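Residue strings, one per chain:
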Amino acid sequence: MQTLRLFAKDNGSFQRAARIIRAGGLVAFPTETVYGLGANALDSAAVNKIFIAKERPAWDPLIVHVTSRQMLETVIAKPPAQFEDLFAAFMPGPLTLVLTKKASIPDIVTAGRQTVAVRLPAHPAAQQLITASGLPIAAPSANRFQHVSSTTAEHVLADLDGRIDAILDDGPCRIGVESTVLDLTGEVPVILRSGAVTREQLRRMLGHVVIADPNAVWRQQEGLPSPGMMSRHYSPHTKLVLTEGSEIALAEAVQKLCKRRLGALLPTEWKISAAEAFDWGQWEEWSTLASRLYAGLRWLDRQKLEIIIAPLPPEQALGGAIRERLLKASGGAMLAGKIMVPGS
Ligand code: TXA
Ligand code: MG
């Protein structure tokens, strides 16, 4: 299959992309977090193509993207009390809510669950595509399963060229890490994935919020609250080693590994020489580091290295989301301040 490259700025691109969605095809499109791989959420056969293109297992459910409260109500049953404040404060935006689904959403979207993950993206191109299609769009991140997510059209094509009908290119994504996923179906809201809507913000609004413990998930993969929490995710092909986030800790680790061909996600002002360094941005400027994270991992992955090394940001604002992604990308290879070299 030839993948059609459409540019958001060109006349007619949205109509062409919407026609493909309505006809049951796959279109990758930008959101403010990462690129998504979209299909008509009401069409099981179309959604099935997403799983095939990504090589994603059928047990991992998808997020349904909508543009309005009205469209949202075609997808979800009556939401719980906390929903109104969250909707007013964060939607549209990088927040996905897990709610009880309506029968209109086919089982393949939710992997047979009675709940559905929904999001209103803030990106104008995503909104325009959904509006032009007139349909809710099911979309996971536009990457091969377990690989690093895509924040540019080039990343999408590197993983999915020839496997999808079209890509709508509107340049790089602003935030760069996936949306916060918040489950509202239990007694207490549970954060299943950290993102740009931070735990601090959610706690201020909701009071008690539980953070799903990925370690518990690593211990027991059965009955996961969110199947996508499985350990390895967002991964480069090269081994990834993590250090606690300080210049000294990274320098020590680099020295220890000096005989290996090494590349680093390196904060701009840190003076450390590695074989290859990706200039990641100023340490503590978490939004810059988030927006450059996946581009950095993908670039380092192309440099034929033995090991990629990266410092872990603290649990602070978007730092927490970056930290979670890096831990999953490494399969949890760094524990309690000690580095652990996978496979050695
Ligand atoms: O920013 C984002 O969320 C991007 C853009 C494209 O919107 N999408 C994205 O989708 O990251 P994906 O499929 O890569 O991640 C969705 C996560 C997965 O971890 C999945 O297991 C979880 O949400 N999820 C989806 N439906 C769920 C449900 N009903 N219950 C619990 N978790 C669910
Ligand atoms: Mg994903």
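Owing to the predicted nature of the structure, the values given are computational and were not obtained by experimental measurement.

Q: Explain the sheet that holds strand E2 (residues 27-29) here, please?
A: Remark on secondary structure: sheet strands pair via backbone hydrogen bonds, oriented parallel or antiparallel. Read from one edge to the other, the open sheet built from 11 strands follows the order E1-E8-E2-E3-E7-E4-E6-E5-E9-E10-E11, with strand pairing classed as mixed. Since the sheet does not close on itself, it has two edges, and those belong to strand E1 (4-7) and strand E11 (210-211), each with one partner. Bridging between E2 and strand E8 (residues 166-169) involves 2 bridges; their strand directions are parallel. When the sheet's bridge partners are listed, Val-27 is paired in E8 with Ala-166. With respect to the sheet, helix H1 (residues 13-22) is in contact with E1, E2, strand E3 (36-40), strand E7 (137-138) and E8, its orientation differing from that of E1 by roughly 140 degrees.

Q: So what exactly am I meant to see when it comes to the site of ligand 1 here?
A: Residues in contact with ligand 1 amount to 25 residues; listed here are only the nearest, Thr-33, Asp-60, His-65, Ser-179 and Arg-193. Within the side chain of Thr-115, a nitrogen or oxygen atom sits 3.1 Å from a nitrogen atom of ligand 1. Arg-119 places a side-chain nitrogen or oxygen 3.0 Å from an oxygen atom of ligand 1. Contact with the protein chains removes 97% of the 680 Å² of surface that ligand 1 exposes when unbound.

Q: When you look at a negative patch on the surface in this model, what are you seeing that I'm missing?
A: On the surface, Glu-247, Glu-269, Glu-284 and Glu-285 cluster together into a patch of negative charge. Here Glu-285 lies in the loop between strand E14 (276-281) and helix H11 (286-301).

Q: How should the domain arrangement of the protein be read in this particular structure?
A: It is common to give the size of an interface as the accessible area that goes away when the parts come together. On domain assignment, one finds that the protein holds domain 1 (4-222) and domain 2 (239-341). The interface of domain 1 with domain 2 comprises 24 residues on the first partner and 18 residues on the second. Put simply, domain 1 and domain 2 have 3 salt bridges between them. Of all the elements in the fold, those that place two or more residues in the side of domain 1 that touches domain 2 are helix H7 (153-160) and helix H8 (199-206). Counting residues per element, the side of domain 1 that touches domain 2 draws most heavily on H7, at 3 residues. Each residue belonging to the side of domain 1 that touches domain 2 can be placed in one class, and the counts come to 7 nonpolar, 11 polar and 6 charged.

Q: I'm lost on the packing of aromatic side chains in this one. Help?
A: The description of an aromatic ring pair rests on the distance of the ring centres and on the angle between the ring planes. Under the counting rule described, the total for this entry stands at 7 aromatic pairs. Arranged with centres 5.5 Å apart and planes meeting at 35 degrees, the rings of Phe-83 and Phe-87 form a pair that is tilted. Residue Phe-83 and its partner Phe-87 are located together in helix H4 (residues 83-90), separated by 4 residues, close to a single helical turn. Each member of the pair, Phe-83 as well as Phe-87, carries the same accessibility label: buried. Centre to centre, the rings of Trp-270 and Trp-283 are 4.9 Å apart; their planes meet at 50 degrees, and the pair counts as tilted. With Trp-270 in the loop between strand E13 (262-267) and E14 and Trp-283 in the loop between E14 and H11, this pair connects stretches of sequence that are 13 residues apart.

Q: Help me understand the side chain of Thr-96 in this model?
A: With respect to the secondary-structure elements, Thr-96 resides in strand E5 (residues 95-100). The class of Thr-96 is buried, set by a relative accessible area of 0%. Only 2.7 Å separates the side chain of Thr-96 from the side chain of Ser-179, close enough to count as a polar contact. Ignoring sequence-local partners within four residues, the contact set of Thr-96 consists of Ile-63, Ala-117, Val-118, Arg-119, Ser-179, Thr-180, Val-181 and Leu-182.

Q: What is the right way to read helix H12 (residues 318-329) from this model?
A: Working note: α-helix, 3.6 residues per turn, so residues spaced by three or four point in the same direction. Here H12 spans 17 Å end to end across 12 residues, near enough to the 16 Å set by a 1.5 Å rise per residue. With 11 of 12 residues buried, H12 lies mostly within the body of the structure. Restricting attention to buried positions, one finds in H12 the residues Leu-318, Gly-319, Gly-320, Ala-321, Ile-322, Arg-323, Glu-324, Arg-325, Leu-326, Lys-328 and Ala-329. Against strand E10 (190-193), strand E12 (239-244), E13, E14, H11 and strand E15 (307-312) lie the buried residues of H12.

Q: Sorry, what's going on with the pattern of salt bridges here?
A: Opposite charge on two side chains allows them to pair when their charged atoms are near. Under the defined criterion, the tally for this structure stands at 19 salt bridges. Taking the shortest distance from any N to any O, the salt bridge between Arg-163 and Glu-55 comes out at 2.9 Å. Taken together, the residues Arg-163 in the loop between H7 and E8 and Glu-55 in the loop between helix H2 (44-54) and strand E4 (63-65) connect sequence positions 108 residues apart. Relative accessible area serves as the criterion here: at 28%, Arg-163 is assigned to the partly exposed category. One connected set of salt bridges, linked through shared partners, spans Glu-178, Glu-324, Arg-325 and Lys-328.

Q: So what exactly am I meant to see when it comes to the sheet that holds E15 here?
A: Taken together, the 4 strands give an open sheet; going across it, the order is E12-E15-E13-E14, and neighbouring strands pair in parallel fashion. Because the sheet does not close on itself, it has two edges, and the strands there are E12 and E14. Strand-to-strand twist of the sheet, defined as the mean angle between neighbouring strand axes without regard to direction, takes the value 25 degrees. Across 3 bridges, the pairing between E13 and E15 is parallel. Within E15, the position partnered with Ala-264 by the bridge is Ile-309. Set on the sheet, H11 makes contact with E12, E13, E14 and E15; between it and E14 the angle comes to about 165 degrees.

The rules behind each value
Throughout, a residue's number is its position along its own chain's written sequence, starting from 1. To read the labels, note that chains go from A and ligands from 1, taken in the order they are written. Per-residue local features of the predicted model are confined to residues with pLDDT of at least 70, and side-chain atom pairs are confined, for both listing and counting, to 80 or more; whole-chain, interface and lining totals are unaffected and use all residues. Only hydrogens and water are removed before side-chain values are computed, so all heavy atoms of the structure are retained for them. For two strands to be treated as a pair, DSSP must find at least two bridges joining them. Per the convention used, a helix needs a DSSP run of H or I reaching at least four residues, while a strand needs a run of E reaching at least two, with both numbered from the N terminus. Residue contacts follow a heavy-atom distance rule, with two residues in contact if any of their heavy atoms lie within 4.5 Å. Angles shown run from 0 to 180 degrees and are taken between the N-to-C directions of axes, each axis being a line fitted to C-alpha atoms and, for helices, limited to the stretch in contact. Whether a residue is near a molecule or strand is decided by its heavy atoms; if any one of them lies within 4 Å of it, the residue is near. Any pair of N or O atoms that falls within 3.5 Å is considered a polar contact. Within protein, one atom must be able to donate a hydrogen and the other to accept it, and sequence-neighbouring residues count only if both atoms are side-chain atoms. Working definition of accessibility: Shrake-Rupley area with a 1.4 Å probe, residue cover restricted to the visible protein chains. Residues form patches when they are more than 30% accessible in relative terms and have no salt bridge. Like charges link within 9 Å. Nonpolar side chains (Val, Leu, Ile, Met, Phe, Trp, Tyr) link within 5 Å. Definition used for salt bridges: Asp or Glu carboxyl oxygen within 4 Å of a side-chain nitrogen of Lys or Arg. In this count, Lys and Arg are taken as positive residues and Asp and Glu as negative ones, while His and the chain termini are left out. Positions of charges follow a simple convention, taking NZ of Lys, CZ of Arg, CG of Asp or CD of Glu. Here the limits of each domain have been adopted from an automatic or database domain assignment. Only Asp, Glu, Lys and Arg are considered charged in this grouping, and only Ala, Val, Leu, Ile, Met, Phe, Trp, Tyr, Cys and Pro are considered nonpolar; every other residue, Gly among them, is considered polar. Pairing of aromatic rings covers Phe, Tyr and Trp, the last counted by its six-membered ring, and requires centre-to-centre distances within 6.5 Å; plane angles under 30 degrees mean stacked, over 60 mean edge-to-face, and any other angle means tilted. Accessible area is worked out with a 1.4 Å probe on protein chains only. A residue is then buried under 20% of its type maximum, exposed over 50%, and partly exposed in between. Any helix carries an expected span of 1.5 Å times its number of residues minus one.

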